[in-house]
Amino acid sequence: MSFTENRKGKLIVFEGIDGAGKSTQIQLLKEKLEKLGKHVITSFEPTSGKWGSLLRASGSTGRYSLEEEAELFLKDRREHVDTLIVPALERGDWVLLDRYYISMMAYQGIRGMNIKQIRELNEKFAPVPDVVLWLDIPVKESLNRIGMRGLGVNSFEKEESLRQCRAIFESICEPWMVRIDADAVIDLVVQRIVRSLVEHGILPEE
Ligand code: ADP
Ligand code: MG
């Protein structure tokens with residue numbers, strides 16, 4: 001599909017550093033949308049397909065070089081787009097994604113890959129989201145939620161890379177990039193998400 005022409009559904013992407021609440025909020029939004037009668041598909045990246053599994057395993061088996069890693073992400077996403085995302089959008093489904101190429105801009109960006117180039121490579125084949133809900137929490141809160149606080153040198157390294165990722169999310173100025181203050185109790189974050197979907201014309205007024 002060349003992007004939007006045949007898009008009958010909506011592509012809603014959740015982004016944010018570890019512990020921001022992406023998995024939690026996707027589940028809650030899914031339930032809310034289903035109550036409104038929408039057909040909802042949830043998915044995540046890296047996927048559990050052949051390329052995505054290699055990327056997931058590399059967390060413990062050792063990371064690939066930046067070039068290899070970038071290539072795997074692109075292959076994984078291409079497969080995801082072709083087999084799941086585009087068919088769902090053409091059917092009119094609502095697709096909720098836990099991470100997408102915005103994460104690639106952040107995580108391969110901090111490894112030194114050109115952020116603009118990452119975006120261009122992806123947008124050649126990957127549909128631009130209707131909205132990206134960037135769940136923003138302070139880095140310290142991320143470390144708390146993922147239990148990294150007080151783990152010495154590891155947590156300092158982790159803190160630094162989370163800070164850099166957050167800065168890349170913050171640098172993306174597009175109408176579809178929506179910052180949600182996610183440093184609040186779960187129910188309040190749900191309300192903020194729904195309100196912003198209404199404000200962006202994705203959901204009707206309640
Ligand atoms: P992510 O998918 O972005 O890494 P999760 O949804 O898995 O984040 O949440 C990470 C952890 O933080 C989980 O233990 C979850 O229960 C908890 N959590 C999620 N949202 C909140 C919130 N608003 N306040 C406090 N803890 C939260
Ligand atoms: Mg998660």
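Basis of the calculations
Residues numbered from 1 in each chain as written. Chains lettered and ligands numbered in written order. Predicted model: local features only at pLDDT ≥ 70, side-chain atom pairs only at ≥ 80, totals over all residues. Heavy atoms only, no water. Core = buried A, V, L, I, M, F, W, Y, C linked by side-chain atoms within 4.5 Å. Buried < 20%, exposed > 50% of the residue type's maximum accessible area, 1.4 Å probe, protein only. Helix = DSSP H or I, 4+ residues; strand = E, 2+ residues; numbered from the N terminus. Contact = heavy atoms within 4.5 Å. Near = heavy atom within 4 Å. Polar contact = N/O pair within 3.5 Å; in protein donor to acceptor, adjacent residues only side chain to side chain. Areas by Shrake-Rupley, 256 points an atom, 1.4 Å probe, with all protein chains shown as cover. Nonpolar A, V, L, I, M, F, W, Y, C, P; charged D, E, K, R; others polar.

## Digging into the nonpolar core
When a protein is soluble and globular, its nonpolar side chains tend to lie buried together. Ranked by size, the top nonpolar core spans 62 residues in total, and within it Ile12, Tyr100 and Leu197 carry the most contacts. Ranked by the residues each element gives to this core, the list is headed by helix α3 (residues 66–91), at 10 residues. Apart from residues lying up to four places away in sequence, isoleucine 12 is in contact with Leu29, Trp94, Val95, Leu96, Leu97, Val131, Leu133, Leu197 and Ile202.

## Examining the site of ligand 1
Around ligand 1 sit Asp18, Gly19, Ala20, Gly21, Lys22, Ser23, Thr24, Arg145, Ala184, Val185 and Ile186, and those are all the residues in its vicinity. Here lysine 22 contributes a side-chain N or O atom positioned 2.8 Å from an oxygen atom of ligand 1. Separating a nitrogen atom of ligand 1 from a backbone N or O atom of alanine 184 is a distance of 2.6 Å. Considered on its own, ligand 1 offers 560 Å² of accessible surface; in the complex 65% of this is hidden by protein. A per-element tally of the shell around ligand 1 places helix α1 (residues 22–35) first, with three residues. Of the residues belonging to the shell around ligand 1, the class tally is four nonpolar, four polar and three charged.

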